[in-house]
Amino acid sequence: MSANLSALFYLISGILFILALRGLSSPETSRKGNYFGIAGMVIAIIVTFLSVGNFGPGFIYVLAFLLVGGSVGAFIAFRIPMTAMPELVAGFHSLVGLAAVFVAISAFLKPEAFNLGLVGNIKLASLIEMSLGAAIGAITFSGSIIAFLKLRGIMSGAPITFKGQHLLNLILGLAIVFLIYYLCISQSSNIFWTVVLISFLVGVLIIIPIGGADMPVVISMLNSYSGWAAAGIGFTLENTALIITGALVGSSGAILSYIMCKGMNRSFFNVILGGWGATDQTSSSKSNEQKPVKNGNADDAAFLMKNASSVIIVPGYGMAVAQAQHALREMVDSLKKNGVKVSYAIHPVAGRMPGHMNVLLAEANVPYDEVFELEEINNDFANCDVAYVIGANDVTNPVAKSDPQSPIYGMPVLDVEKSKSVLFVKRSLSPGYAGIDNDLFYRDNTLMLFADAKKMTEEIVKSL
Amino acid sequence: MEIDPFIFRLSIFILSIFVGYYVVWSVTPSLHTPLMSVTNAISSVIIVGAIIAALAGSSQNFFETSNIFGFLAILLAAVNIFGGFLVTQRMLQMYKKKK
């Protein structure tokens, strides 16, 4: 296949990828969008086979590797529980990163296969592009592995910080830039390997200081990095499909990071530099013993909700941990039978990744038009009878609106306290991730339900 | 003077960032998780480079170091392609409207 013709096909597959993302503007069009994405991928792979034109025994091996990898991927995709989506996505990002590193290594070892010159005399632009691709890919890989370990609970979610951390990262970052410059002059393979190794290290170092609840930002950021790595390789290979895709994925991840940071009212650098909560804990968690709370049980909750005319559910990460989404849905069904109007309010940073709660509710067969974003529903709390907070904490804390001293001051929160009564399911009075006591616990209209989210919801279903 | 083809690729890249910017802002927040899994799947189009790397060189000796890295990259990218698209499909199938 001629180079021009295959370039046109790569363009088509790039356009199909754009349409795949475009489809996600609404759930109805999204399924079609996914098929566009698959079509784009199939075209890209077939065109590559045809343009390489080598159907010898090597081709059989390629197919074999493709099938083995594909079966593993398909197996994971069907088996993974929806609550584990954040770690799955982190794991997948690491694979893209590593694949980018491998392709870059391969291009460095055998540049003539990619039309990039000869070993020891690679075109300058290609050398810069492939080393950038390799460096970003390596950072994506090791960073995603750390994110995966933290999300999976294999590694503690607490931020790991040490003295001079930021200085060290800065030095390593500058070292990468300097080494790439030196690589361009010397074409030395040792320097290339050093760049890759340092980048692996940087990936680990930039993710360890970031705490568990900042994971939505981290995952989005790594998503973005994997895109830039792909784009770097795309420039090296002069491949339009890769360049377009890299740019799409890179900007998508960047936008998601921005949305998540905004949901926490923090700057991107504040999150990246890490260690929230570690510094503020001492000042905030004092004197919460004396304040009285109202303690309720499942019967009280059932009574309140049955007699309400409208209920808003506020789910958070705790719901995912307790796997309470199905029980919740049952509860809502029996409430609806009693003529109660129920809707769901989702905070942008609820859960461990963007849109996490929406997927879990969808899994439990909650129709998506009953689920609302913060801006859409926040005014409705004032007219609602009961707010049922299940597994959320910091995102409901009224302190964010009233106390300029609080570390979460200015963060957009759900106005849960405005509803006539609040039911707060929680295992204990312990503060949330931010280490801040939630003022909502001590309000007159709040009834605390101390229990596991799933058990409590099931008991309420029984009492209804 | 002729324009370096690199400039054309850079133009495609920059314009695609803009396209990405507008397209992603129009994605409904409730689909942000499928957005992440599908962007993950499509970024695995890097498999294109992996295939070229794996098949480079003579057909008798396709297990040189550079080929092996190519094959490994195919393996990783294939996990992502199948896993990414299928899990996205699985999620999207769950989004239903009120009956």
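How each quantity is defined
Residues numbered from 1 in each chain as written. Chains lettered and ligands numbered in written order. Predicted model: local features only at pLDDT ≥ 70, side-chain atom pairs only at ≥ 80, totals over all residues. Heavy atoms only, no water. Helix = DSSP H or I, 4+ residues; strand = E, 2+ residues; numbered from the N terminus. Rg over C-alpha atoms; globule rule 2.2 N^0.38 Å. Contact = heavy atoms within 4.5 Å. Areas by Shrake-Rupley, 256 points an atom, 1.4 Å probe, with all protein chains shown as cover. Lys, Arg positive; Asp, Glu negative; His and termini not counted. Charge placed at Lys NZ, Arg CZ, Asp CG, Glu CD. 1 Å grid on protein atoms, 1.4 Å probe; cavity = no way out; pocket = protein on both sides within 12 Å on 5 of 7 lines; lining within 4 Å. Points joined across faces, edges and corners; volume = space filled by probe spheres on them. Nonpolar A, V, L, I, M, F, W, Y, C, P; charged D, E, K, R; others polar. Expected span 1.5 Å × (residues − 1). Buried < 20%, exposed > 50% of the residue type's maximum accessible area, 1.4 Å probe, protein only. Buried area = accessible area lost by both parts, 1.4 Å probe. Salt bridge = Lys/Arg side-chain N within 4 Å of Asp/Glu carboxyl O. pLDDT = per-residue confidence, 0-100. Phe/Tyr/Trp six-rings, centres within 6.5 Å; stacked < 30°, edge-to-face > 60°. Patch = residues over 30% accessible without salt bridge, like charges linked within 9 Å, V, L, I, M, F, W, Y side chains within 5 Å. Axes fitted to C-alpha atoms, helices over the stretch in contact; angles between N-to-C directions. Parallel < 35°, antiparallel > 145°, perpendicular 65-115°, else oblique. Left-handed = near helix turned anticlockwise from the far one by under 90°.

Engineer: Which residues make up the overall build of chain B, and what values do they have?
Structural biologist: A tally of regular secondary structure across chain B gives four helices and zero strands. In terms of overall size, chain B is more extended than a compact globule, its C-alpha atoms giving a radius of gyration of 19 Å where 99 residues would be expected to give roughly 13 Å. Considering only C-alpha atoms, chain B reaches an extent of 60 × 40 × 15 Å along its principal axes. Look at the contacts in chain B between residues 6 or more apart in sequence, and 63% of them connect residues 24 or more apart. Accessible surface, chain B as shown: approximately 4,100 Å² in total, 70% of it carbon and sulfur.

Engineer: So what's going on with the overall build of chain A? Residues and values would help.
Structural biologist: On a plain count of helices and strands, chain A comes out with 18 helices and eight strands. Structurally, chain A occupies a C-alpha span of about 75 × 50 × 30 Å along its principal axes. A separation threshold of at least 6 residues defines the contact pool for chain A, and within that pool the share at least 24 residues apart is 76%. Just so you have it, chain A exposes about 18,100 Å², and 62% of that area is on carbon and sulfur atoms. Each charge sign in chain A was given a centre, from 29 positive and 30 negative side chains, and these centres are 3 Å apart.

Engineer: Outline empty space enclosed by the protein, supporting the account with residue identities and numerical values.
Structural biologist: Vacant regions in the atomic arrangement are exposed by a probe of water-molecule size rolled over the atoms. For the structure on display, the rule yields one cavity of 30 Å³ or more. Surrounding the largest cavity, Asn-358, Leu-361, Ala-362, Val-366, Tyr-368 and Val-371 of chain A together with Ser-30 and Tyr-95 of chain B form its lining. The element that contributes the greatest number of residues to the lining of the largest cavity is helix H15 (residues 356–363) of chain A, accounting for three residues. Residues belonging to the lining of the largest cavity are distributed by class as follows: six nonpolar, two polar and no charged.

Engineer: Now, about helix H4 (residues 65–94) of chain B: what can you tell me, with residues and values included?
Structural biologist: Here H4 of chain B is 30 residues long and its end C-alpha atoms lie 44 Å apart, about the 44 Å a rise of 1.5 Å per residue gives. With 22 of 30 residues buried, H4 of chain B is to be regarded as a mostly interior element.

Engineer: Go over the interface of chain B and chain A, please, and point to the residues and values.
Structural biologist: Listed per partner, the contact involves 80 residues of chain B and 104 residues of chain A. With both chains or domains summed, chain B and chain A bury close to 8,400 Å², and 78% of this area falls on carbon and sulfur atoms. Of all residues in chain B, the largest losses of buried area upon contact with chain A belong to Met-36, Ile-46 and Leu-55 of chain B, amounting jointly to 9% of the total for that side. For the interface between chain B and chain A, the tally reads two salt bridges. We note a salt bridge from Lys-110 of chain A to Glu-64 of chain B, for which the minimum N-O separation is 3.5 Å. It is H4 of chain B that provides the largest number of residues to the side of chain B that touches chain A, a total of 28 residues. Among the residues making up the side of chain B that touches chain A, the classes are represented as 50 nonpolar, 24 polar and six charged.

Engineer: Help me get a handle on the confidence of the model for chain A, residues and values and all.
Structural biologist: Of the residues in chain A, 95% reach a pLDDT of 70 or more, and the chain-wide mean stands at 88. Segment residues 276–288 of chain A is flagged for pLDDT under 50; beyond a separation of four residues in sequence, or across chains, it makes 16 contacts in the model.

Engineer: Explain the environment of Met-155 of chain A to me, and be specific about the residues and the numbers.
Structural biologist: Residue and element names in this part refer to chain A. Mapped onto the elements of the fold, Met-155 is located in the loop between helix H5 (124–152) and helix H6 (165–186). Residues Met-155 and Glu-376 lie 221 residues apart in sequence; the distance between their C-alpha atoms is 37 Å. What Met-155 contacts, discounting residues up to four positions off in sequence, is Ile-146, Leu-149, Lys-150, Ile-160 and Ile-208.

Engineer: Any details on the packing of aromatic side chains? Residues and values, ideally.
Structural biologist: By the definition in use, this model includes 16 aromatic pairs over all chains. With a centroid separation of 5.6 Å and 75° between ring planes, the pair formed by Phe-141 of chain A and Phe-200 of chain A is classed as edge-to-face. With a gap of 59 residues between them, Phe-141 of chain A in helix H5 and Phe-200 of chain A in helix H7 (residues 189–207) connect regions that are remote in the sequence. Residues Trp-228 of chain A and Phe-13 of chain B carry aromatic rings whose centres are separated by 6.1 Å and whose planes lie at 75° to one another, so their mutual orientation is edge-to-face.

Engineer: Can you lay out a negative patch on the surface for me, pointing to particular residues and giving the numbers?
Structural biologist: All names here are of chain A. On the surface, Asp-299, Asp-300, Glu-330, Glu-458 and Glu-459 cluster together to form a negatively charged patch. For the negative patch, the secondary-structure elements that each account for two or more residues are helix H12 (298–306) and helix H18 (453–463). Among the structural elements, Glu-459 can be located in helix H18. Looking at Glu-459, the relative accessible area reads 37%, which means it is partly exposed.

Engineer: So what's going on with the packing of helix H8 (residues 215–237) of chain A against helix H1 (residues 5–25) of chain B? Which residues, and what values?
Structural biologist: The description of two packed helices rests on the angle between their axes and on the distance between the axes. Where H8 of chain A contacts H1 of chain B, the axes come no closer than 11 Å and their chain directions differ by 160°. With respect to each other, H8 of chain A and H1 of chain B are oriented roughly antiparallel. Crossing of H8 of chain A against H1 of chain B: the hand is right-handed. Mapping the contact onto sequence places Trp-228, Ala-231 and Phe-235 of chain A in H8 of chain A and Phe-6, Arg-9, Leu-10, Phe-13 and Ile-17 of chain B in H1 of chain B. Taken together, the residues of the contact of H8 of chain A with H1 of chain B break down into seven nonpolar, no polar and one charged.

Engineer: Would you mind going over the pattern of salt bridges in detail, with residue names and values included?
Structural biologist: In the structure shown here, the tally under the stated rule is 12 salt bridges over all chains. One network of salt bridges, with partners in common, ties together Lys-401, Asp-415, Glu-417 and Lys-418 of chain A.

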